[in-house]
Amino acid sequence: MILHVDMDAFYASIEQRDDPRLRGRPVVVGGSANGRGVVCAASYEARKFGIHSAMPAARARRLCPRAVFIPPRMEHYANISAELRDIFHQFTPLVEPLSLDEAFLDVTGSETLFGSSVEIGRRVQETISKETKLAASVGVAPNKFLAKIASDWNKPDGQFVINPGDVDGFVKHLPVK
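Quick look at the structure, then.

What counts, and at which threshold
Residues numbered from 1 in each chain as written. Predicted model: local features only at pLDDT ≥ 70, side-chain atom pairs only at ≥ 80, totals over all residues. Heavy atoms only, no water. Phe/Tyr/Trp six-rings, centres within 6.5 Å; stacked < 30°, edge-to-face > 60°. Helix = DSSP H or I, 4+ residues; strand = E, 2+ residues; numbered from the N terminus. Buried < 20%, exposed > 50% of the residue type's maximum accessible area, 1.4 Å probe, protein only. Pairing = 2+ DSSP bridges. Axes fitted to C-alpha atoms, helices over the stretch in contact; angles between N-to-C directions. Contact = heavy atoms within 4.5 Å. Right-handed = clockwise from strand over helix to strand, strands pointing away. Expected span 1.5 Å × (residues − 1). Arc of directions from axis to C-beta. Salt bridge = Lys/Arg side-chain N within 4 Å of Asp/Glu carboxyl O.

We now examine the packing of aromatic side chains. In total, this model carries six aromatic pairs according to the counting rule given. Seen from their ring centres, Phe160 and Phe170 are 5.8 Å apart, and the 40 degrees between their planes marks the pair as tilted. In this pair, Phe160 is assigned in strand E8 (residues 159-161) and Phe170 in helix H8 (residues 167-172), connecting sequence segments ten residues apart. Exposure remark for Phe170: the relative accessible area of 13% places this residue in the buried category. Members of the aromatic cluster, connected to one another through ring pairs, are Phe10, Tyr11 and Tyr77.

Right under this line is the structure:
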């Protein structure tokens, strides 16, 4: 089975973790809202206003004037991403990073050591939370495509499982988008 681990609002969550004054507030990480900046990440509080990644920062400011805009700290995020990869490698050597905040983990050969793929996913989430104070969502499925879809199904800090016998029924009901 394959896990897709996707960090929840990664850059914004790091900023909220590192600065307690930002917790519970709409946080936008990205370029300046006064220029031609773009949103790199938005906290879940900011997402309630319709703010999302790749949106012009000026539009994000119009949607939520009280949002806190923070310039990205890419080196810091990359260091935390390296910590995440170390956690992933505690459970399997088969890790395929997609970006700083997400990766596929093939846990097929790890189940005899750590339990079912669902249990491994739960343990990965717990370890991430304990060691980084951040939340991740996990999709568990028989292939990467479905695992990636599953990781979005129960965000934030959730897990969604697509068992091999449920693939046809699950895919049949997916919207085309």
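Turning next to the sheet that holds strand E2 (residues 27-30). Whenever strands of a sheet pair, they do so through backbone hydrogen bonds, lying parallel or antiparallel. One open sheet accounts for three strands, arranged E3-E2-E4; its pairing is mixed. If you trace the sheet from one side to the other, it starts and ends with strand E3 (39-42) and strand E4 (68-70), each paired once. Within this sheet the neighbouring strands show an average axis-to-axis angle of 25 degrees, counted without direction. Strands in contact with helix H1 (residues 10-18) are E2, E3 and E4; relative to E2, the strand with the most contacts, it is inclined by about 120 degrees.

Here Asp86 shows up in helix H4 (residues 74-89). Look at Asp86 and you get exposed, because its relative accessible area is 54%. Spatially, the C-alpha atoms of Asp86 and Asn163 are 27 Å apart, while their sequence positions differ by 77 residues.

Burial analysis of strand E7 (residues 136-141) places six of its six residues in the buried class, the great majority of the element. Across the two faces of E7 the burial is the same, with Ala136, Val138 and Val140 and Ser137, Gly139 and Ala141 all buried. Where strand E1 (residues 2-7) and E7 come together, six bridges link them in antiparallel fashion. Residue pairing for E7: Asp6 is matched across the bridge by Ser137. Traced from E7 through helix H7 (residues 144-153) to E8, the parallel crossover comes out left-handed.

Here H4 contains 16 residues, and its C-alpha end-to-end distance of 22 Å stays within 8% of the 22 Å for a straight helix at 1.5 Å per residue. Of the positions making up H4, those classed as buried are Tyr77, Ile80, Ser81, Leu84, Ile87 and Phe88. Axial view of H4: buried residues confined to an arc of 110 degrees, hence all on one face. Turned more than 90 degrees away from the buried face of H4 sit Glu75 and Asp86, all of them exposed.

Pairing between side chains becomes possible if they bear opposite charge and their charged atoms approach one another. A complete count under the given rule lists ten salt bridges for this structure. Glu96 is paired through a salt bridge with Lys144; the nearest N and O atoms lie 2.9 Å apart. Residue Glu96 is located in strand E5 (residues 95-99), and its partner Lys144 is located in helix H7; the two are separated by 48 residues in the primary sequence. Linked through salt bridges whose partners overlap, the residues forming this network are Glu15, Arg17, Asp18 and Arg73.

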